[in-house]
Amino acid sequence: QVQLVESGGGLVQAGGSLRLSCVASGSRFSINAMGWYRQAPGKQREWVATITTGGGTNYANSVKGRFSISRDNAKNTVYLQMNSLKPEDTAVYYCYDYSNRWGQGTQVTVSS
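Bear in mind the structure is a predicted one, so any value in this text is a computation, not a measurement.

A separate point is the side chain of Asn-32. Relative to the helices and strands, Asn-32 resides in the loop between β3 (18-25) and β4 (34-39). Separated by 3.3 Å, the side chains of Asn-32 and Asp-97 make a polar contact.

Okay, here's the thing in structure tokens:
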């Protein structure tokens, strides 16, 4: 009965920054790896970043060096800091719990 709720999406100009948050409830957050995925219109959902229970991180090549995933176990929250945003980053961003649960998604739109 885990619930994931994303927030922080919106409209931003190219080169700008945005921070997404995902608050998890209903499960033991600290024992789950967490991730971010995104899906643009007409495209398959793609993996963006993962953070392990031990704090290790991995990133898709398309966002490496620009995005940073982090977690605050005391707040049951995972973050995605997005810098140097590009129009091709425009997508619905989904929080994912590796016990196989998805958030509802939050729209990120990057304008030229």
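Here we take up the nonpolar core. Among the nonpolar cores identified, the biggest contains 26 residues, and Trp-36, Leu-80, Met-82 and Tyr-93 are the most heavily contacted of them. Looking at this core, the element that brings in the most residues is β3, giving four residues.

The phi angle of most residues is negative, glycine excepted, and most peptide bonds adopt the trans form. Notably, Asn-76 is not glycine yet its phi reads approximately 50°, a positive angle. In this fold, Asn-76 is placed in the loop between β7 (67-72) and β8 (77-82). Under the relative-accessibility criterion, Asn-76 is labelled partly exposed at 25%. Although it is not a glycine, Ser-84 adopts a positive phi angle of roughly 50°. Relative to the helices and strands, Ser-84 is located in the loop between β8 and β9 (91-97). Look at Ser-84 and you get partly exposed, because its relative accessible area is 41%.

Read from one edge to the other, the open sheet built from four strands follows the order β1-β3-β8-β7, with strand pairing classed as antiparallel. Either end of the sheet is taken by a strand with one partner, and the two such strands are β1 (3-7) and β7. The mean angle between the axes of side-by-side strands here comes to 15°, regardless of whether they run parallel or antiparallel. Here β1 runs beside β3; their pairing, made up of five bridges, is antiparallel. Bridge pairing links Ser-7 to Ser-21 in β3.

Calculation criteria
Residues numbered from 1 in each chain as written. Predicted model: local features only at pLDDT ≥ 70, side-chain atom pairs only at ≥ 80, totals over all residues. Heavy atoms only, no water. Helix = DSSP H or I, 4+ residues; strand = E, 2+ residues; numbered from the N terminus. Polar contact = N/O pair within 3.5 Å; in protein donor to acceptor, adjacent residues only side chain to side chain. Core = buried A, V, L, I, M, F, W, Y, C linked by side-chain atoms within 4.5 Å. Buried < 20%, exposed > 50% of the residue type's maximum accessible area, 1.4 Å probe, protein only. Pairing = 2+ DSSP bridges. Axes fitted to C-alpha atoms, helices over the stretch in contact; angles between N-to-C directions.

Note that all results are geometric; they support no functional claim without further evidence.
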